[in-house]
Amino acid sequence: MTHTPAVYTHGHHESVLRSHSWRTAANSAAYLLPELRPGLDVLDVGCGPGTITADLAALVAPGRVTAVDAAEDVLEKAQAVADERGLDNVGFAVADVHALDFPDDSFDVVHAHQVLQHVGDPVQALREMRRVCRPGGVVAARDSDYGAFAWYPERPALDGWLELYHRVARANGGEPDAGRRLFSWARQAGFTEITTTAGTWCFATPEEREWWSGLWADRTTASGYADLAVDGGHATAAELAAIAEAWREWGGQEDAWFMVPHGEILCRVS
Ligand SMILES: C[S@@+](CC[C@H](N)C(=O)[O-])C[C@H]1O[C@@H](n2cnc3c(N)ncnc32)[C@H](O)[C@@H]1O
């Protein structure tokens, strides 16, 4: 069976990479860290610009990390991150998680951070991740849950941002409320030994507020997401500009606070 992946909703505009490149194994894969030890072979699916990948590689060396992404251009950035950190145990390849080009039982750990929310068939993706994982190994996935995002002060324009994001992402074949669905998807994929947890990011310092609101303001008007919103007839350029302005105004509030919740699954392969 073939699966058409959703086009990655955000694309890899600078405003998107600004968010992804902030990520570390500590702030985005803490639930997985107790499973990692030197010598393990890891597959990092949908690695993006590869900052989490590089942390994983440092933790499992001399084990190897194979990092794959559907988008070839972002792999050059990920390779540059690995080179800057002097890592020689990471390899990169283009791949679609729905049909991975690896033999059965190839890796000890198969990881995907904020990927399943963007793919056309997350259950098939998890089946593929299980297929390439060795018995005794783990498949680990973490996804945010947009419907559970919380922020203050309240702004009607940001409610509109969230509603628009849901429409655009779903029209593109993704599921923005993936966090709450990971456990169900894992069960549908055939896993029986599943540990579920939840983890959050919280942005409230002046630097965090400026960074988070600024990247969403820029992403709303200049990224692949903006193109999908306008081309799909979901919003006009003027409406996107108003949402971006609302983000900047919100980010300037001294009491502004934003929480991004995630669902997490650790699935033992038998
Ligand atoms: C939100 S980014 C996450 C990147 C990285 N894991 C991180 O958290 O920093 C999602 C990534 O998944 C990739 N992606 C989307 N669909 C995919 C698919 N079907 N197979 C493999 N990668 C995919 C995108 O190109 C993008 O780089």
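The rules we used
- Residues numbered from 1 in each chain as written.
- Predicted model: local features only at pLDDT ≥ 70, side-chain atom pairs only at ≥ 80, totals over all residues.
- Heavy atoms only, no water.
- Helix = DSSP H or I, 4+ residues; strand = E, 2+ residues; numbered from the N terminus.
- Buried < 20%, exposed > 50% of the residue type's maximum accessible area, 1.4 Å probe, protein only.
- Lys, Arg positive; Asp, Glu negative; His and termini not counted.
- Salt bridge = Lys/Arg side-chain N within 4 Å of Asp/Glu carboxyl O.
- Polar contact = N/O pair within 3.5 Å; in protein donor to acceptor, adjacent residues only side chain to side chain.
- Contact = heavy atoms within 4.5 Å.
- UniProt positions renumbered as here; feature names shortened; annotations may be inferred.
- 1 Å grid on protein atoms, 1.4 Å probe; cavity = no way out; pocket = protein on both sides within 12 Å on 5 of 7 lines; lining within 4 Å.
- Points joined across faces, edges and corners; volume = space filled by probe spheres on them.
- Nonpolar A, V, L, I, M, F, W, Y, C, P; charged D, E, K, R; others polar.
- Near = heavy atom within 4 Å.
- Areas by Shrake-Rupley, 256 points an atom, 1.4 Å probe, with all protein chains shown as cover.
- Sits in = over half its atoms within 2 Å of the grid points.

Under the annotation held in an unreviewed UniProt entry, the chain carries the name SAM-dependent methyltransferase and is attributed to Streptomyces nymphaeiformis.

Looking at this structure, how should I read the side chain of D44?
By the secondary structure assignment, D44 is in strand β1 (residues 42-45). Buried within the structure, D44 lacks any salt-bridge partner; its nearest side chain of opposite charge belongs to R23, at an N-O separation of 9.9 Å. Within the local environment of D44, its side chain forms a polar contact with the side chain of T53, the two groups lying 2.6 Å apart. Not counting chain neighbours up to four residues away, the residues in contact with D44 comprise T53, L56, V65, T66, A67, V68 and H111.

In this structure, what is going on with the UniProt feature "domain: Methyltransferase" (unreviewed entry) in the chain? I would like to understand it.
Mapped onto the present numbering, the UniProt feature "domain: Methyltransferase" (unreviewed entry) falls on residues 38-145. Secondary structure within residues 38-145 divides into 31% helix and 31% strand; the distance between the first and last C-alpha atoms comes to 32 Å.

Is there a simple way to explain empty space enclosed by the protein in this structure?
To find the voids left in a structure, one rolls a probe of water-molecule size over its atoms. Scanning the model with the defined rule gives 1 cavity of 30 Å³ or more in all. The space that makes up the largest cavity amounts to roughly 30 Å³. Lining the largest cavity are T9, Q117, H118, Y165, A169, G174, E175 and P176.

What's the story with the layout of surface pockets in this structure? I'm lost.
Approximately 640 Å³ is the volume found for the largest pocket. Residue lining of the largest pocket: 43 residues in total, with Y8, G46, Q114, V115 and H118 positioned closest to the centre. When contributions to the lining of the largest pocket are tallied by element, the ones reaching two or more residues are α1 (14-20), β1, α3 (51-60), β2 (65-69), β4 (107-113) and α8 (206-222). Considering only residue class, the lining of the largest pocket consists of 22 nonpolar, 16 polar and 5 charged.

How should I be thinking about the site of the ligand in this particular structure?
In the vicinity of the ligand lie 21 residues, with H12, R23, G46, D69 and H113 positioned nearest. Between an oxygen atom of the ligand and a side-chain N or O atom of D69, the distance comes to 2.6 Å. Starting from 600 Å² of accessible surface for the ligand in isolation, the protein chains cover 98%. Its atoms largely coinciding with the cavity grid, the ligand occupies the largest pocket. Grouping the amino acids of the shell around the ligand by side-chain chemistry returns 10 nonpolar, 8 polar and 3 charged.

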